[in-house]
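# A structural walkthrough
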Amino acid sequence: MVEEYCRAELPPQSPRRGPHADRFVLLASGLGLGGGNADCLLGLQLLVDMVTGQLGDEGEQSGVARISRVLLAGNLLSQSTQDKDSINKAKYLTKKTQAGSVEAIRMLDEILVQLAASVPVDLMPGEFDPTNYTLPQQPLHQCMFPLSSAYPTLQLVSNPFQADIDGLRFLGTSGQNVSDIYKYSGQEDYIEILESTLRLSHLTPTAPDTLGCYPFYQRDPFILEECPHVYFCGNAPAFQSKRVIGADGQDVLLVAIPEFSSTQTACLVNLRNLECQPISFSAFSAEAEEESEMDISH
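Note that the structure is predicted; figures quoted are calculated from it, not measured.

Cut-offs used in this document
Residues numbered from 1 in each chain as written. Predicted model: local features only at pLDDT ≥ 70, side-chain atom pairs only at ≥ 80, totals over all residues. Heavy atoms only, no water. Helix = DSSP H or I, 4+ residues; strand = E, 2+ residues; numbered from the N terminus. Buried < 20%, exposed > 50% of the residue type's maximum accessible area, 1.4 Å probe, protein only. Areas by Shrake-Rupley, 256 points an atom, 1.4 Å probe, with all protein chains shown as cover. Phe/Tyr/Trp six-rings, centres within 6.5 Å; stacked < 30°, edge-to-face > 60°. Pairing = 2+ DSSP bridges. Axes fitted to C-alpha atoms, helices over the stretch in contact; angles between N-to-C directions. Contact = heavy atoms within 4.5 Å. Parallel < 35°, antiparallel > 145°, perpendicular 65-115°, else oblique. Nonpolar A, V, L, I, M, F, W, Y, C, P; charged D, E, K, R; others polar.

## What about the overall build of the chain?
When helices and strands are tallied, the chain shows 7 helices and 11 strands. Put simply, the chain has 298 residues, and 48% of those count as buried. Accessible surface, the chain: about 15100 Å² in total, of which carbon and sulfur atoms supply 49%.

## Digging into the packing of aromatic side chains
On inspection of all chains with the given rule, the structure shows 4 aromatic pairs. Here the aromatic rings of tyrosine 182 and tyrosine 190 are separated by 5.4 Å at their centres, their planes lie at 50 degrees, and the arrangement is tilted. For tyrosine 182, a relative accessible area of 38% puts it in the partly exposed group. A centroid spacing of 6.2 Å and a plane angle of 50 degrees characterise the contact between phenylalanine 260 and phenylalanine 281, whose relative ring orientation is tilted. One end of the pair, phenylalanine 260, is in helix α7 (residues 260–263); the other, phenylalanine 281, is in the segment after β11 (276–280), with 21 residues separating them in the sequence. We classify phenylalanine 260 as buried; its relative accessible area is 0%. When its relative accessible area of 7% is taken as the criterion, phenylalanine 281 is described as buried. Here a set of aromatic residues connected by ring pairs shows up, and it is made of Tyr214, Phe216 and Phe222.

## Some words on the sheet that holds strand β7 (residues 230–236)
Strand order in this open sheet of 5 strands is β5-β6-β7-β9-β8, and the pairing throughout is mixed. Every other strand in the sheet has two partners, leaving β5 (161–165) and β8 (240–245) as the edge strands with one partner each. Strand-to-strand twist across the sheet, computed as the mean angle between neighbouring axes with direction ignored, equals 20 degrees. By the bridge criterion, 5 bridges tie β5 to strand β6 (residues 168–173) in an arrangement that is antiparallel. The residue of β6 that forms the bridge with isoleucine 165 is leucine 168. In the packing of helix α6 (residues 190–199) onto the sheet, contacts are made with β7, β8 and β9 (251–258), and the angle to β8 comes to roughly 30 degrees.

## Details of the packing of helix α5 (residues 176–184) against α6
Between α5 and α6, the shortest axis-to-axis distance is 10 Å and the interhelical angle comes to 110 degrees. It follows from the interaxial angle that α5 and α6 lie roughly perpendicular. Note on element contacts: α6 touches α5 through Tyr190, Ile193, Leu194 and Thr197, opposite Val178, Ser179, Ile181 and Tyr182. When grouped by side-chain class, the residues that make up the contact of α5 with α6 number 6 nonpolar, 2 polar and no charged.

Here it is in structure tokens:
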């Protein structure tokens, strides 16, 4: 029985050197392609049209022009594309059938070619995507994207992922670390779980016990040695954000990125002041009027 424990708390943080004018990073996850959800496909096309400047009036388009990067945080394909029954079938029964992921990858490539033609895109793999299952997940292979891989603006990255974007350090996962703690603990709030991993200074505290990870021997790469400015997890049930201030003045924005296939919601992070708000594309659903939207037209 555990009687007492102590947390490492937030590691040191480098000074924030963000832009002086409004500039945004769009975060989305859980596109769920191949799941047959028509509302999701419509919302996804609206998102693409917004980012590429084909949606809204001149004021909205001038605001959208400030989106400097798009980050897609895993589960790009639906869980239904994983046909596990085919593994147990005889080869002659499945040789003329096409895996469900093939069409979903083709759809993803067509979406990415539209985005990458307008803005840099970071593409993270997730639990249901065609890459290795254990963390850290390796980037999706470029051979799966014959159209979009021709653009240098498309970056196929790992999960977890960290990057310096306009002087701010982004760090996050596609959500497996948070959802695993959610399954095996009494914590029910994704943003509180995300904060607890930050204060523990460890990305995946439940690995390798209940979360698969590579058996590192001499060094644990999931230990946080430097505090990020934006710390996110993907595929959350709903959008959440929170600012955390450390004992030594560390200032971290926590973001739980909602699953797009079920919420038709993404979020925008303002690199100037670390404000984050959701932006909804479920314009034709009954819940649309209740969703908050971010005004970037001013």
